[in-house]
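# A closer look at the structure
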Amino acid sequence: MTAARRTAAEALTPVDLVERMLELTAGLTAIVRRETGFLRDRARSEVAALQPEKIRIANDYAMDADAIRRRKDLIDRAPAERVSKLKSAMIELDRALAENGEALSAARSVSEGLIRMVANAMNERAAPTLGYGRDAAPATRRAGNPAAPASLTLDARI
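About the criteria used
Residues numbered from 1 in each chain as written. Predicted model: local features only at pLDDT ≥ 70, side-chain atom pairs only at ≥ 80, totals over all residues. Heavy atoms only, no water. Helix = DSSP H or I, 4+ residues; strand = E, 2+ residues; numbered from the N terminus. Buried < 20%, exposed > 50% of the residue type's maximum accessible area, 1.4 Å probe, protein only. Contact = heavy atoms within 4.5 Å. Areas by Shrake-Rupley, 256 points an atom, 1.4 Å probe, with all protein chains shown as cover. Patch = residues over 30% accessible without salt bridge, like charges linked within 9 Å, V, L, I, M, F, W, Y side chains within 5 Å. Salt bridge = Lys/Arg side-chain N within 4 Å of Asp/Glu carboxyl O. Core = buried A, V, L, I, M, F, W, Y, C linked by side-chain atoms within 4.5 Å. pLDDT = per-residue confidence, 0-100. Expected span 1.5 Å × (residues − 1). Bend = angle between axes of the 7 residues up to and from the residue.

## Some words on the overall build of the protein
Tallying secondary structure elements over the protein gives three helices and zero strands in all. Secondary structure elements of the protein, listed N to C terminal, follow the sequence α-α-α. Each of the 158 residues in the protein was classed as buried or not, and the buried ones make up 27%. Once local pairs closer than 6 in sequence are excluded, the contacts in the protein between residues at least 24 apart make up 70%. As presented, the protein carries roughly 11,100 Å² of accessible surface, and 55% of it is formed by carbon and sulfur atoms.

## Topic: a nonpolar patch on the surface
On the surface, a cluster of nonpolar side chains totalling about 220 Å² of accessible area is made up of Met-117, Val-118 and Met-122. Residue position: Met-117 is located in helix H3 (residues 80-126).

## Remarks on the nonpolar core
Leu-17, Val-18, Met-21, Leu-28 and Tyr-61 are the most contacted members of the largest nonpolar core, which has 23 residues in total. Those elements giving two or more residues to this core turn out to be helix H1 (14-40), helix H2 (44-70) and H3. At eight residues, H1 tops the list of elements feeding residues into this core. Contact partners of Met-21, with chain neighbours within four places excluded, come to Tyr-61, Asp-64, Ala-65, Ile-68, Leu-86 and Met-90.

## Section: the side chain of Asp-60
Locating Asp-60 in the fold gives a position in helix H2. Excluding residues that lie within four positions of it along the chain, Asp-60 makes contacts with Arg-6 and Leu-24.

## Considering the pattern of salt bridges
One side chain can pair with another of opposite charge once the charged atoms of both are near each other. Enumeration according to the criterion identifies 14 salt bridges in this entry. Its salt-bridge partner being Asp-60, residue Arg-56 comes within 3.7 Å of it at the nearest N-O pair. Residue Arg-56 and its partner Asp-60 are both found in helix H2; the two are separated by four residues, about one turn of the helix. Beyond isolated ion pairs, a larger network of salt bridges with shared partners links Arg-6, Arg-20, Arg-56, Asp-60 and Asp-64.

## Remarks on the confidence of the model for the protein
When pLDDT is averaged across the protein, the result is 84; 77% of the residues are at 70 or more. Per-residue pLDDT, averaged within each element of the protein, yields its smallest value for H3 (88) and its largest for H1 (96).

## Regarding H2
Here H2 is 27 residues long and its end C-alpha atoms lie 37 Å apart, about the 39 Å a rise of 1.5 Å per residue gives. Of all the bends in H2, the largest measures some 40° and sits at Gln-51, one to four residues before the proline Pro-52. Turning to H2, its buried residues number three or more, namely Val-47, Leu-50, Lys-54, Ile-57, Asp-60, Tyr-61, Asp-64, Ala-65, Ala-67 and Ile-68.

Put into structure tokens, the structure is as follows:
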């Protein structure tokens, strides 16, 4: 499968560049919102499936945005209404990215918490019992076999 060759931003007319940026911004916003929904639903396989398309669109968006940042004249002759629409779309993308960042942070926090909880539970079961019990005898473990698997209940919501 060969990808179509991408036209450089500098080679497009101002109108065409703004239109391409509008399409990229809308596409990236839609993917980021879908990913945020999947993160909140804890649908990891769906998040993973979005990544190739998200990376492709994000790279194209970054290349065009960088070209415009370096050379403002690339879009200076585009209709003001279209440039204004692009600015609004970019603000909306920023909002979607902020929500996505919050969902990613929450997912990471939940994952780290689960790992800590499992590690603590395993350490607790494997740790020697210290101290003395009744009649100054060394304390004994109340649980059965310390090597037996621990049971955990998880309820993590993002």
